[in-house]
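# Reading the structure
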Amino acid sequence: MVKHETTLTFYGGVNEIGGNKILLHDRDTKVFFDFGMSFSMKKKYYSPPFLSPKSEKSLQEFGILPKIDGAYKFDDKPAEIDAVFLSHSHLDHSAYLSFVNRDIPVYCGETTVLILRTLGEMRRADLEFDVEDVRFRSFRTGKKVKVGSIEVEPIHVDHSVPGAYGFVIHTSSGAVVYTGDFRVHGAKPEMSRNFVDRAKEAEPVAVVTEATNMTGASVSSEAEVESKVNGIVAEAEGIVLAEFAYADVDRLNSFFRTAKKNNRCLAVSLKQAYLLNSLRQDKGLQVPDLNDQSIRVFRKSKKRYDKWESQILEHYPDKVVDVFEVSKQQCKMILALSFYDLEELVNICPEAGSCYVLSASEPFNEEMEIDAEKLTNWLDHYGLPQYHVHVSGHIMPLQLKAVLKEINGNQVFPIHTENAALFAGFMRDLKSRTVLVDKGKEYKV
Ligand SMILES: [Zn+2]
Ligand SMILES: [Zn+2]
């Protein structure tokens, strides 16, 4: 039997967490899996907002945007890529769609289309995030999509944003599995289980896996996060301020249920409200109804509101609370407050017995350290203790090893990690051979 050559080339996600751009080439078919922004590459050269890339040319100059023929909309060359598949909506997997030739279809979950479109409406026109005219084609779990000589089978996985998928890709050389970002300790572990079962059945020749958490791993679950948050809220006497990723719907649900249980309201930001409003269209998702009596929408103090903000303010007038209303009902509120909203505390004046819950990752780079110091100063000023209650969106090392052992692919390509060599060491007794990836190099599968 003639084996047809199938190759993988990694243009991002190599020795970095995120920025995934994986080209699969099979016979005449070329398909990208994810097309994300590399935050770590960008950070090397830029410091927004004052030092920001002005054009694609700048991004290509530093290799932040790879040079790929027939992929982009700005070089007037005909499209040579047959499709882009997105695993999920996180920007490190999706943002550089902005540059993709609009003739190339982009396949992703329905939830991902909703989130990216909603994000497009909320953000001002931006070089690095523009989904206008993108030819989205949505899929549901288990529905195979044929593109040229390959067939792509998306299977839902659990991650810290809804609408995340892994893929089993049927190629001329056998099945290639791509995990995207996933975990087995989240709110819906059965989804990741489905994916692993399907991946195993396919007897893959190659597995491309995320390996984010090779250091600093922890043992917890979304259920544990909810129970800990509940413990804090039950004892707090004043306001509970909470920071969490605005598109992490599972976390938002955890805070929402906690608010209800403790006879409080969860006041979400306008951004969260706008996203929840859009996600209501997705019948497969469980999201709080903005009309629920335990939900409030927090209106930041500012002079002018964007169009999308005004839409929410006009649609849900009875739900909107400002700093003064929040200040009057502190013991009745959990307020979602991001770092950039800290200024609101000046008018909220947190009462004694209030506290702050950081429900996001701890700072992992210099810029975040500097911000964390500022946060500490704010909390110190108002006498607010800081709790850290969080669980990662990514699978932990022992669980990853068990999953990879089960899937049992011939080769494993660890990406989306700064610790690929550590991964190889940890996985050295698996039957699968770990391949340490160089950026831009072509690998046969
Ligand atoms: Zn990621
Ligand atoms: Zn992600």
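Shown above is the structure to which this text applies.
Nothing here was measured: the structure is a model prediction, and the numbers come from that model.

## Some words on the coordination of the zinc ion (ligand 1)
Donor atoms from the polypeptide that coordinate the zinc ion (ligand 1) comprise Asp92 (OD), His93 (NE2), Asp181 (OD) and His416 (NE2), at 2.1 to 2.3 Å from the metal. Of note is the zinc ion (ligand 1), whose four donor atoms meet at the metal with angles of 83 to 163 degrees in an arrangement that counts as irregular. Expressed as a motif, the donor residue spacing for the zinc ion (ligand 1) is D-H-x87-D-x234-H. The metal-metal distance between the zinc ion (ligand 1) and the zinc ion (ligand 2) is 3.4 Å, with Asp181 coordinating both. Highlighted residues: Asp181 in the loop between β10 (174-178) and α5 (189-201) and His416 in the loop between β19 (411-415) and α14 (420-426), separated in sequence by 235 residues.

## Considerations on the sheet that holds β10
Each strand in a sheet pairs with another by means of backbone hydrogen bonds, the pair being arranged parallel or else antiparallel. Strand order in the open sheet formed by seven strands is β7-β8-β9-β10-β11-β19-β20, with mixed pairing between adjacent strands. Sheet topology places β7 (145-147) and β20 (433-434) at the edges, where each strand pairs with a single neighbour. Pairing of strand β11 (residues 206-210) with β19, which is carried by five bridges, proceeds in the parallel orientation. Counted as the bridge partner of Glu210 is Ile415 from β19. Sheet contacts for α5: β8 (150-156), β9 (165-171) and β10; angle to β8, the most-contacted strand, approximately 150 degrees. Contacting β11 and β19, helix α13 (residues 397-407) runs over the sheet at an angle of about 165 degrees to β11.

## A word on the coordination of the zinc ion (ligand 2)
Bound to the zinc ion (ligand 2) on the protein side are His88 (NE2), His90 (ND1), His159 (NE2) and Asp181 (OD), at distances that span 2.1 to 2.4 Å. Around the zinc ion (ligand 2), the four donor atoms sit at angles spanning 90 to 167 degrees, and that spread fits a shape best called irregular. Written as a sequence motif, the donor residues of the zinc ion (ligand 2) are H-x1-H-x68-H-x21-D. The exposure class of Asp181 is buried, given its relative accessible area of 2%.

## Observations regarding the pattern of salt bridges
Going through the model one piece at a time under the given rule, you end up with 27 salt bridges. The salt bridge involving Lys73 is made with Asp130; its shortest N-O contact spans 3.2 Å. One end of the pair, Lys73, is in the loop between α2 (56-61) and β4 (83-85); the other, Asp130, is in the loop between α4 (110-122) and β6 (136-139), with 57 residues separating them in the sequence. Ionic pairing is found between Glu406 and Arg193, a salt bridge with its closest N-O pair at 2.4 Å. Residue Glu406 is located in helix α13, and its partner Arg193 is located in helix α5; the two are separated by 213 residues in the primary sequence.

## Notes on the sheet that holds strand β13 (residues 265-269)
Ordered in space as β15-β14-β13-β16-β12-β17-β18, the seven strands form an open sheet in which the pairing is parallel. Each edge of the sheet is formed by a strand with only one pairing partner; in this case those strands are β15 (320-321) and β18 (386-388). In this structure, strand β12 (residues 240-243) lies alongside strand β17 (residues 355-358), joined through four bridges in parallel fashion. From the neighbouring strand, Ala242 faces β17, where its bridge partner is Val357.

What counts, and at which threshold
- Residues numbered from 1 in each chain as written.
- Chains lettered and ligands numbered in written order.
- Predicted model: local features only at pLDDT ≥ 70, side-chain atom pairs only at ≥ 80, totals over all residues.
- Heavy atoms only, no water.
- Donors = N, O, S within 2.8 Å, 3.2 Å for Na, K, Ca; no water.
- Tetrahedral: all angles 85-135°; square planar, octahedral: opposite > 155°, others 65-115°.
- Helix = DSSP H or I, 4+ residues; strand = E, 2+ residues; numbered from the N terminus.
- Pairing = 2+ DSSP bridges.
- Contact = heavy atoms within 4.5 Å.
- Axes fitted to C-alpha atoms, helices over the stretch in contact; angles between N-to-C directions.
- Buried < 20%, exposed > 50% of the residue type's maximum accessible area, 1.4 Å probe, protein only.
- Salt bridge = Lys/Arg side-chain N within 4 Å of Asp/Glu carboxyl O.

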